[in-house]
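Chain by chain, the residues run as shown.
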Amino acid sequence: MISFYPGPSQLYSQVHDFMREAAEEGFLSINHRSKEFVEISRSTIEVLKDKLNIPSAYTVFFVSSATECWEIIAQSLIKKSSFHISNGAFAEKWYEYTNKLLPDAKRLEFPFDLELNPQSINIPAESEIICITQNETSNGTQITNEIIQEIKNKNPQKLIAIDATSSMAGIYLDFDLADVWFASVQKCFGLPAGLGLMICSPAAIEKAMQINDTKYYNSLLSMLEKMKDWQTSYTPNVLNIYLLGRVLQDLPNIKIISQRIENIAIDYYNYFREIPGLRLLVKDQSLRSATVIAIEGEMNEIKRVKEAAKEKGFLLGNGYGKWKDSTFRIANFPAIADDDINNLKKFFKSYK
Ligand SMILES: *Cc1c(COP(=O)(O)O)cnc(C)c1O
């Protein structure tokens with residue numbers, strides 16, 4: 001079965017071998033305070049920064065998931081109020097998690113089929129951090145680097161946090177534009193679930209110091225203290241950190257990956273215009289995600305396509321949130337091979 005599910009997703013094909021090597025080299029039972037671990041952690045962060053073009057002054061933290069990052073931001077980077085820009089289910093969840101901890105969290109909802117206009121957003125003075133879901137996995141929309149740049153220019157004194165869970169390592173992201181970036185590795189990194197990455201600018205670290213939260217095992221300052229020695233404040237997913245380093249080592253720079261993914265996305269979007277009974281959920285080309293393709297149709301048709309695909313060995317992603325029954329999603333993640341993509345397209349031409 002080839003998985004086109006947008007997370008957990010198809011693994012990079014090398015992962016099986018790397019897992020065996022990790023076991024053979026004894027990495028599965030190393031102590032997380034040992035110098036072997038420190039070396040794996042340090043070299044993984046180094047290759048991550050190199051391949052994804054992450055500024056050297058940013059700090060990378062290993063966490064367990066993107067969801068955990070929502071909570072860390074609420075605990076360690078906001079005193080009172082955040083501002084959430086939301087057009088789908090994941091941004092909404094981020095807002096809701098934050099709002100439970102910080103009832104002053106504010107939200108701007110915008111329609112998923114309209115472009116966000118940064119000039120028209122009025123962010124209250126008391127909002128300390130602007131929370132943006134760069135790639136909304138639930139409906140296959142994305143917010144471009146250019147729009148993030150405009151939001152930053154208009155709000156130079158505020159921190160910006162970006163959920164890039166289903167785009168980081170798939171498309172080029174300009175890390176300089178925001179202060180906190182996070183993702184989990186079961187999406188574009190093509191790895192098994194159970195590891196998240198949180199990447200912080202010096203301004204974010206400074207803000208954490210002002211807030212001085214140290215109440216939780218995953219308080220940013222506790223994590224920072226340990227990360228000075230390439231360690232974590234808990235026993236981390238050593239296997240996944242190792243796999244991340246190994247996989248990244250073999251990959252080209254993100255700009256090259258991004259080009260491939262964008263080209264495949266254009267092909268998919270052109271392709272689905274021609275398939276009877278199916279439509280692109282996102283009509284405006286400039287809003288469409290390169291990494292998550294959402295296809296809309298009648299409920300029965302959607303169900304039928306998913307079942308027929310499964311019989312042929314293709315796992316399509318279910319719809320999500322309010323698009324659960326009316327769409328399916330295709331992950332356009334870099335671990336998926338060109339041949340598999342071509343075979344999937346052939347399937348769509350012939351399944352009826
Ligand atoms: C998948 C996803 C999450 C949740 O990731 P976890 O690893 O399950 O915490 C959060 N945000 C977005 C945009 C996602 O796609």
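This write-up is about the structure you can find in this document. Keep in mind that this is a model prediction, so the values were computed, not measured.

**A closer look at the pattern of salt bridges**
Here is step 1: Per the stated rule, a full pass over the model turns up 12 salt bridges.
Here is step 2: Glu21 is the salt-bridge partner of Arg246, the closest N and O atoms lying 2.7 Å from each other. Separated by 225 residues along the polypeptide, Arg246 in helix α8 (residues 238-250) and Glu21 in helix α1 (residues 15-24) bring together distant segments of the chain.
Here is step 3: Among the residues examined, Arg246 registers a relative accessible area of 25% and is labelled partly exposed.
Here is step 4: One salt-bridge network, in which partners are shared between bridges, spans Glu39, Arg42 and Glu46.

**With respect to the side chain of Lys187**
Here is step 1: Along the polypeptide, Lys187 turns up in the loop between β9 (180-184) and β10 (196-200).
Here is step 2: Buried charge without a partner: Lys187 forms no salt bridge, and the closest opposite charge is Asp163, 7.2 Å away.
Here is step 3: Beyond its immediate sequence surroundings of up to four residues, Lys187 is in contact with Pro6, Gly7, Ser9, Thr165, Ser166 and Phe333.

**Remarks on the site of the ligand**
Here is step 1: Contacts to the ligand come from 14 residues, most closely from Thr67, Thr137, Asp163, Ser184 and Lys187.
Here is step 2: Contact distances for the ligand include 2.6 Å between an oxygen atom and a side-chain N or O atom of Thr67.
Here is step 3: Within the side chain of Asp163, one N or O atom sits 2.7 Å away from a nitrogen atom of the ligand.
Here is step 4: In isolation the ligand offers 390 Å² of accessible surface; the protein chains occlude 86% of this area.
Here is step 5: Assessed atom by atom at 2 Å from the grid points, the ligand resides in the second largest pocket.
Here is step 6: The dominant element in the shell around the ligand, judged by the number of residues it contributes, is helix α3 (residues 66-76), at three residues.
Here is step 7: Classifying every residue of the shell around the ligand by side-chain character gives three nonpolar, nine polar and two charged.

**Things to note about the sheet that holds strand β5 (residues 129-133)**
Here is step 1: Across the sheet, seven strands lie side by side as β2-β10-β9-β8-β5-β3-β4; this open sheet has mixed pairing. Looking at strand neighbours, the two that pair on one side only are β2 (59-63) and β4 (106-109), the edges of this open sheet. Mean inter-strand twist for the sheet, computed between neighbouring axes without regard to direction, equals 20°.
Here is step 2: Sitting on the sheet, helix α7 (residues 220-227) is in contact with β2 and β10, with an inclination near 110° to β2.

Definitions and limits used
- Residues numbered from 1 in each chain as written.
- Predicted model: local features only at pLDDT ≥ 70, side-chain atom pairs only at ≥ 80, totals over all residues.
- Heavy atoms only, no water.
- Salt bridge = Lys/Arg side-chain N within 4 Å of Asp/Glu carboxyl O.
- Helix = DSSP H or I, 4+ residues; strand = E, 2+ residues; numbered from the N terminus.
- Buried < 20%, exposed > 50% of the residue type's maximum accessible area, 1.4 Å probe, protein only.
- Lys, Arg positive; Asp, Glu negative; His and termini not counted.
- Contact = heavy atoms within 4.5 Å.
- Near = heavy atom within 4 Å.
- Polar contact = N/O pair within 3.5 Å; in protein donor to acceptor, adjacent residues only side chain to side chain.
- Areas by Shrake-Rupley, 256 points an atom, 1.4 Å probe, with all protein chains shown as cover.
- 1 Å grid on protein atoms, 1.4 Å probe; cavity = no way out; pocket = protein on both sides within 12 Å on 5 of 7 lines; lining within 4 Å.
- Sits in = over half its atoms within 2 Å of the grid points.
- Nonpolar A, V, L, I, M, F, W, Y, C, P; charged D, E, K, R; others polar.
- Pairing = 2+ DSSP bridges.
- Axes fitted to C-alpha atoms, helices over the stretch in contact; angles between N-to-C directions.

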